[in-house]
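Close look at the chain arrangement
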Amino acid sequence: MATYGPMADTAEMAERADDEGTRAARLVDAQAKAARLFAEIEERGLVAPGEGERAVSDRIRDLANEMFGTTRHWHKRIVRSGPNTLLPYRENPPDRVIGTDDIAFADFGPIFEEYEADFGRTFVLGDDPVKRRLRDDLPRVFAAGKAFFEGDPEITGERLHAEVGRLAAEAGWELGGWHAGHLVGEFPHETIDGADVESYITPANGTPLRRTDKTGRHCHWILEIHLIDRERGFGGFHEELLTL
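Residues numbered from 1 in each chain as written. Predicted model: local features only at pLDDT ≥ 70, side-chain atom pairs only at ≥ 80, totals over all residues. Heavy atoms only, no water.

With their axes 10 Å apart at the nearest point, helix α4 (residues 129-150) and helix α5 (residues 157-171) run at an angle of 145° to one another. The element α4 and its partner α5 pack so that their crossing is right-handed. Taking contact as the criterion, the partners of R133, D137, V141, A144, G145, F148 and F149 in α4 are, on α5, R159, L160, E163, L167 and A171. Looking at the contact of α4 with α5 residue by residue, the class counts come to seven nonpolar, one polar and four charged. (Axes fitted to C-alpha atoms, helices over the stretch in contact; angles between N-to-C directions. Helix = DSSP H or I, 4+ residues; strand = E, 2+ residues; numbered from the N terminus. Left-handed = near helix turned anticlockwise from the far one by under 90°. Contact = heavy atoms within 4.5 Å. Nonpolar A, V, L, I, M, F, W, Y, C, P; charged D, E, K, R; others polar.)

What follows is the structure in structure tokens.
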């Protein structure tokens, strides 16, 4: 999760903001485009042995431009493999060449018509059964976390984070970061700051996730699942919209 400078004047943003139904539809559309992008990444085999992480990231960037004319990404583009998959977002490990029996994930935040998507998926190269199990557990933990969110109208960031941690442990993994998601919206959305815990799904956020922002608009959230196996030295990542 990146940190951004001051947002545009809130009154100006409110004046030009879409209505809630349009905002929701455009966020869903942005995610659908991101899903198409990631399907094409897999179809073209861009995450491949012998490729450097940065080179793969650049090819994905170029593919987004080719498919959708997208040239902007609201946070840094991430492709990580092997032991680099253990690291949280804020780390910047050295470039690594993807191995033949490796695990890797991509985390991209493309902007589609001024709306942010945030999408992450994990790729397993080879037949390692533990890596495959981790990859397959990621969407299951995501789905269970989303179902938990949907079942509690007053849920807080603290409570959802605790449940995601419980689900991870139940599946035999650890959580890899200090939060499990964040706000998402129009670009640039309300300032996301590491000190502003209310912007994250984290143990320190005791505020309801279903609330409005400073302009009176509904808050929308990304749920991100970063599971790791510290002993074996790898992890995986899965993220997409939580609230829509």
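Read on for the rest.
Here the protein chain shows a mean pLDDT of 89. Residues at 70 or above account for 89%. Note on residues 1-16: pLDDT under 50 across the span, and 31 contacts to partners over four residues away in sequence or across chains. (pLDDT = per-residue confidence, 0-100.)

Further remarks concern α5. Here α5 spans 21 Å end to end across 15 residues, near enough to the 21 Å set by a 1.5 Å rise per residue. Each element contacted by the buried residues of α5 is listed here: α4, β6 (174-175) and β8 (220-229). (Expected span 1.5 Å × (residues − 1).)

Glycine aside, residues mostly have negative phi, and peptide bonds are mostly found in the trans state. For E113, which is not a glycine, the phi torsion comes out positive at approximately 50°. Here E113 is to be found in the loop between β3 (111-112) and β4 (115-116). Using a relative accessible area of 56% as the deciding quantity, one classes E113 as exposed. Non-glycine residue E114 carries a positive phi angle of around 75°. Note that E114 resides in the loop between β3 and β4. Exposure remark for E114: the relative accessible area of 38% places this residue in the partly exposed category. (Buried < 20%, exposed > 50% of the residue type's maximum accessible area, 1.4 Å probe, protein only.)

In this fold, G176 is placed in the loop between β6 and β7 (181-184). By relative accessible area, G176 is classed as buried at 15%. Sequence-wise, G176 and R230 are 54 residues apart; in three dimensions their C-alpha atoms are separated by 9.1 Å.

The subject of this paragraph is the nonpolar core. Among the nonpolar cores identified, the biggest contains 26 residues, and L37, F38, I41, V47, I60 and A106 are the most heavily contacted of them. Those elements that provide at least two residues to this core are α2 (20-44), α3 (53-68), β2 (103-108) and β5 (119-124). Ranked by the residues each element gives to this core, the list is headed by α2, at six residues. Filtering out sequence-adjacent residues up to four positions away, V47 remains in contact with I41, V56, I98, A104, F123 and L125. Within the second largest apolar cluster, 25 residues are counted, among which are A180, I201, L209 and L223. (Core = buried A, V, L, I, M, F, W, Y, C linked by side-chain atoms within 4.5 Å.)

On to the pattern of salt bridges, then. Applying the stated criterion to the full structure yields 22 salt bridges. Here R26 and D18 are joined by a salt bridge, their closest N and O atoms 2.8 Å apart. Owing to a relative accessible area of 27%, R26 belongs among the partly exposed residues under this scheme. We classify D18 as partly exposed; its relative accessible area is 26%. In this structure, E240 and R121 form a salt bridge, with 2.6 Å as the shortest nitrogen-oxygen distance. With a gap of 119 residues between them, E240 in strand β9 (residues 234-241) and R121 in strand β5 connect regions that are remote in the sequence. There is no split in this pair, since E240 and R121 are both buried. One salt-bridge network, in which partners are shared between bridges, spans D58, R61, D62 and R77. (Salt bridge = Lys/Arg side-chain N within 4 Å of Asp/Glu carboxyl O.)

Turning to α2, a few remarks are in order. Between its first and last C-alpha atoms α2 spans 36 Å; for 25 residues at 1.5 Å apiece the expected length is 36 Å, and the two agree. Taken residue by residue, α2 has R23, A24, L27, A30, Q31, K33, A34, L37, F38 and I41 as its buried positions. N-capping of α2 is provided by D19, with a side-chain oxygen placed 3.0 Å from the backbone N of G21. With its phi angle positive at about 65°, G45 sits one or two positions after the end of α2. (Polar contact = N/O pair within 3.5 Å; in protein donor to acceptor, adjacent residues only side chain to side chain.)

What follows covers the environment of R59. Note on placement: R59 falls in helix α3. Along the backbone, R59 and I41 are 18 residues apart, and their C-alpha atoms lie at a distance of 9.1 Å.

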